[in-house]
Amino acid sequence: VQRNADSHVDVLIVGAGPAGLMMANWMSRCGVKTRIVDKRGTKIFNGQADGLQCRTLEIFDSFSFGHRAWIESNHMLEICLWNPDPKTGVLARGDRIPDTIPNISRFQQVVLHQGRIERFFLDAIRENSIKTGCNGEPGTKEAEIKVEHGVLPTSFQFEESAADDEDAYPLTVQLRHLTEEEATPTQKATLANGQSIVDGLFRSNLSADDTQDVINLSNSIADKAGRTETVKAKYMLGADGAHSWVRQQLGFKLEGESTDYIWGVLDIIPITDFPDISHRMRCAIHSESSGSVMVIPRENKLVRLYIQLTTTNVEDGSGGKKFDRSTITPETIIASAQRIMQPYKIEYRYLDWWTAYQIGQRVGNSFSLHERVFLAGDAVHTHSPKAGQGMNVSMQDAYNLGWKVASVVKGQANCSILKTYQSERRRIAQDLIEFDHRFSRLFSGRPAKDVMDEEGISMDVFKDAFEKGNMFASGIAVDYGASVIVAKSGSAKDQGDGTEVLGDEKLRVVSSDGLATGLEVGKRMPSFKVLNQADARPWHFQELLKSNGTWRVVVFAGDIRDAAQKRRLDRLGEKLGGEDSFLRLCTPSGARYDSVIELLSCHSAPRQETTIFDFPEVFRPWDENDGWDYWKVHVDDQSYHEGHGQAYKNYGINPTRGCSVILRPDQYISWIGEMDDYKSMDSFFRGFMVDQRTKGGAKTAIAEGSKKG
Ligand code: FAD
């Protein structure tokens, strides 16, 4: 079973759920030597998480598999709110609201089960890693990053004295290879209408973790020859879910509380007379006194029901009460739904998957050990799944971390950027817990009978919270605070020299007041259509921002017919194209000119009155084997078939003077400044990028041709 003769890896990922796979996906895009292990024998095939928020779809699109999710998924456009009618007390539709706030993204929320999403990742990881050569020669099968199923860590050591040595492998991990039997979770044998069903209880928080049982079982098997190996790693990610073994090794804790609310989940093809299920609408149903149901129409005619259960507590042996798991079956869950949804009827013939969980909100007290071991996903935040956040936020944790680790491993950036993982993502986790706390209590509480009923939930308050919550839930509202890679005025101490100090970090600060009123430093770059200057093809701006580990300087060049503006552009071009330009200094010798920092531009003059040759050469580089690069210069103009994107107007940029924007490899805005403020751009990059001349070249060759697609 032993796969790797060489036991040294740059990155070891524990857990191949959404967070671990996102990390592996980044590593495969960036050509980093990586192993990813998971204690289960296979990936999951149905059930579990299903909602994909708009920001997640933007991210998938940046990895070139967004279209797969978009095509296969069920699109959710409207939510119907059902409450007891104030006069009759009978359930009635009280309101309809859009599922996704209009115009916040080019995508809207969709649902598709986690197994398919994991499949998209696995395909992308395979294809990318072979192309970039993660674990061997590019183009060979050996280069592939494969999820190693049935493999789990049994011990972990950290050599703290080597933590600051970028060439060291301070992490030592013993890996155990399991048999198929050991790696297969015990399933509750459930028969519904003679059908044998896979349940998700083994991954639910109502079940104890089985990691130690699996290790004990494996220990008890006599023939252990070749079943254990030692791996040395530079970096490690614990993406091993809510019971995280990695978190336990680090001694970190999940802090927060658990509630008494127990919910069941059924994925069924419903047989029902409930009108909005037949209309394939998402519904939030609040009954008078029997609890609530959330209805999510799914792919392939499936419908997911989240159903509040009337809890049956039993003595826990210490004078307290605990929930009796044995009473939860698909039959008891549907019976709860029938009580809540009466007078309407609901039953099923086909059940695809089911589970149950207890609502609790917890967040990790730390996300990282010395910026060498990181935790992501459910390992550092757990909450209720109804707002469709778990999988999305978990993937977005690893999306935030992956490019940072890759650029440090490849010697492009110094390790100071790794501190921003915890400062950026822990705050998001805390916001998430706060959001979930409010949302799940509003959803689990009973509706108020009238304005005097203070204990009940007012349905107006619920609707308002739902609408506001939609902005948070979309992932678009994420706003990273000031740091070495986010140049904005934070709650830090002003040094009076254009910098601020926050903890032990020196932050760069620029005033971007009024230059781009539709853009915010710390938020993701919004997308509007622009045209390619050369061939007039319209592109959504985000389509130009592929997730491949590359920083981007976007020069909104303004009206380049204006002589003064053209002079500003030419002077900027001279500096950017100069021998000591940061574009050159950050790029290892022999690597492609846009492999570390890509220069993009978008001007506002009429396309037909300009050509790419109005731009200095650095904006449209020449390669003696490849000719001109036509894909860098864009224009905000009317397209032939897809209207006018009005990018300057929407971004709030002055169409004559323009401005410049620096984007991180994950599409978040780092810096906004005057169009020709080369000095400030240069000083921003010098804050954390490694000068490749003084370094004597990058440690890992930057993969040629990994940019497009
Ligand atoms: P996980 O998906 O839990 O993946 C962790 C992986 O690590 C697993 O593959 C596991 O086998 C592996 N692992 C664990 N321990 C070890 C170890 N010691 N060694 C090696 N490997 C290990 N989210 C939504 O967005 N919408 C929903 O509808 C939804 N429904 C849910 C229903 C249930 C019952 C549960 C439990 C969760 C639900 N979630 C939902 C949440 C969502 O599934 C999680 O938030 C998401 O899967 C977290 O991703 P992750 O990668 O952090 O962890």
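Here, every reference points to the structure presented above.
From a predicted model like this one, the values you see are computed outputs, not experimental measurements.

**Section: the overall build of the chain**
- Summing up its helical and strand segments, the chain has 17 helices and 35 strands in all.
- By residue count, 58% of the 709 residues in the chain fall in the buried class.
- Of the contacts made within the chain by residues no fewer than 6 positions apart, 73% connect residues no fewer than 24 positions apart.
- Here the chain displays about 28400 Å² of accessible surface, and carbon together with sulfur accounts for 48% of that area.

**Focus: the pairing of strand 34 (residues 659-663)**
- Burial analysis of strand 34 places five of its five residues in the buried class, which makes it a mostly covered element.
- The alternating pattern of strand 34 places C659, V661 and L663 and S660 and I662 on opposite faces, both of which are buried.
- A loop of five residues connects strand 34 with strand 35 (residues 669-673), the two strands running antiparallel in sequence, and Q667 in this loop sits at a positive phi of about 75°.

**Thoughts on the pairing of strand 10 (residues 171-177)**
- Where burial is concerned, most of strand 10 is hidden: six out of the seven residues are buried.
- Note that strand 9 (residues 151-158) and strand 10 share seven bridges and pair antiparallel. Note that in strand 10 the partner of Q157 across the bridge is T172.
- The pairing of strand 10 with strand 13 (residues 228-238) spans six bridges and is antiparallel. Bridge pairing in strand 13 places Q174 opposite T230.

**Some words on the nonpolar core**
- Of all hydrophobic cores here, the largest spans 109 residues; its most connected members are W551, F619, F685 and F688.
- With ten residues, the single largest contributor to this core is helix 10 (residues 390-409).
- Three or more residues apiece are contributed to this core by two domains, here domain 1 (8-72 + 107-255 + 362-425) and domain 3 (510-695).
- Formed by 52 residues, the second largest nonpolar core is a distinct cluster that contains I296, V478, C602 and L663.

**Digging into the packing of aromatic side chains**
- Overall, the coordinates contain 35 aromatic pairs when judged by the stated rule.
- For the pair F65 and F120, a centre-to-centre distance of 6.4 Å together with 40° between the ring planes defines the contact as tilted. In this pair, F65 is assigned in the loop between helix 2 (54-62) and helix 3 (66-72) and F120 in helix 4 (residues 114-132), connecting sequence segments 55 residues apart.
- Taken together, W26, F60, F63, F65, F120, F121 and Y399 form an aromatic cluster joined through their ring pairs.
- The ring of Y593 has R592 lying over it, and the distance from NZ or CZ to the ring centre is 5.0 Å.
- The cationic tip of R620 hangs over the ring face of W628; the distance from NZ or CZ to the ring centre is 4.9 Å.

**Some points on the packing of helix 1 (residues 18-30) against helix 10**
- Two elements in contact, helix 1 and helix 10, have axes separated by 8 Å at closest approach and are oriented at 30°. On the basis of the axis angle, helix 1 is roughly parallel to helix 10. Considering how the two elements wind past one another, helix 1 and helix 10 form a crossing that is right-handed. From helix 1, P18, A19, M22, M23, W26, M27 and C30 reach across to helix 10, where they touch M391, S394, M395, A398, Y399, L401, G402, W403, V405 and A406.

**Overview of the sheet that holds strand 35**
- The seven strands lie next to each other as 28-27-33-30-29-34-35, forming an open sheet whose pairing is mixed. Here the strands that pair on one side only, and so sit at the sheet edges, are strand 28 (538-540) and strand 35. Across the sheet, the mean angle separating the axes of adjacent strands is 30° when strand polarity is ignored.
- Here strand 27 (residues 529-532) runs beside strand 33 (residues 633-635); their pairing, made up of two bridges, is antiparallel. Residue pairing across strands places N532 opposite H634, the latter belonging to strand 33.
- Against the sheet, helix 13 (residues 563-577) engages strand 29 (551-558) and strand 30 (597-603), with an angle of about 155° to strand 29.

**Section: the side chain of Q396**
- With respect to the secondary-structure elements, Q396 resides in helix 10.
- Using a relative accessible area of 7% as the deciding quantity, one classes Q396 as buried.
- For Q396, the side chain forms a polar contact with the side chain of T56, separated by 2.8 Å.
- Leaving out residues up to four positions away in the same chain, Q396 has contacts with R55, T56, I59 and R425.

**A few points about the sheet that holds strand 7 (residues 110-111)**
- Reading across the sheet, the three strands line up as 3-7-4 and stay open at both edges, with antiparallel pairing between neighbours. Both edges of this open sheet fall to strand 3 (51-52) and strand 4 (74-75), since each of them pairs with a single strand only.
- In this structure, strand 3 lies alongside strand 7, joined through two bridges in antiparallel fashion. The residue of strand 7 that forms the bridge with G51 is V111.

Parameters at a glance
- Residues numbered from 1 in each chain as written.
- Predicted model: local features only at pLDDT ≥ 70, side-chain atom pairs only at ≥ 80, totals over all residues.
- Heavy atoms only, no water.
- Helix = DSSP H or I, 4+ residues; strand = E, 2+ residues; numbered from the N terminus.
- Buried < 20%, exposed > 50% of the residue type's maximum accessible area, 1.4 Å probe, protein only.
- Contact = heavy atoms within 4.5 Å.
- Areas by Shrake-Rupley, 256 points an atom, 1.4 Å probe, with all protein chains shown as cover.
- Pairing = 2+ DSSP bridges.
- Core = buried A, V, L, I, M, F, W, Y, C linked by side-chain atoms within 4.5 Å.
- Domains from an automatic or database assignment.
- Phe/Tyr/Trp six-rings, centres within 6.5 Å; stacked < 30°, edge-to-face > 60°.
- Lys NZ or Arg CZ within 6 Å of the ring centre and 35° of its normal.
- Axes fitted to C-alpha atoms, helices over the stretch in contact; angles between N-to-C directions.
- Parallel < 35°, antiparallel > 145°, perpendicular 65-115°, else oblique.
- Left-handed = near helix turned anticlockwise from the far one by under 90°.
- Polar contact = N/O pair within 3.5 Å; in protein donor to acceptor, adjacent residues only side chain to side chain.

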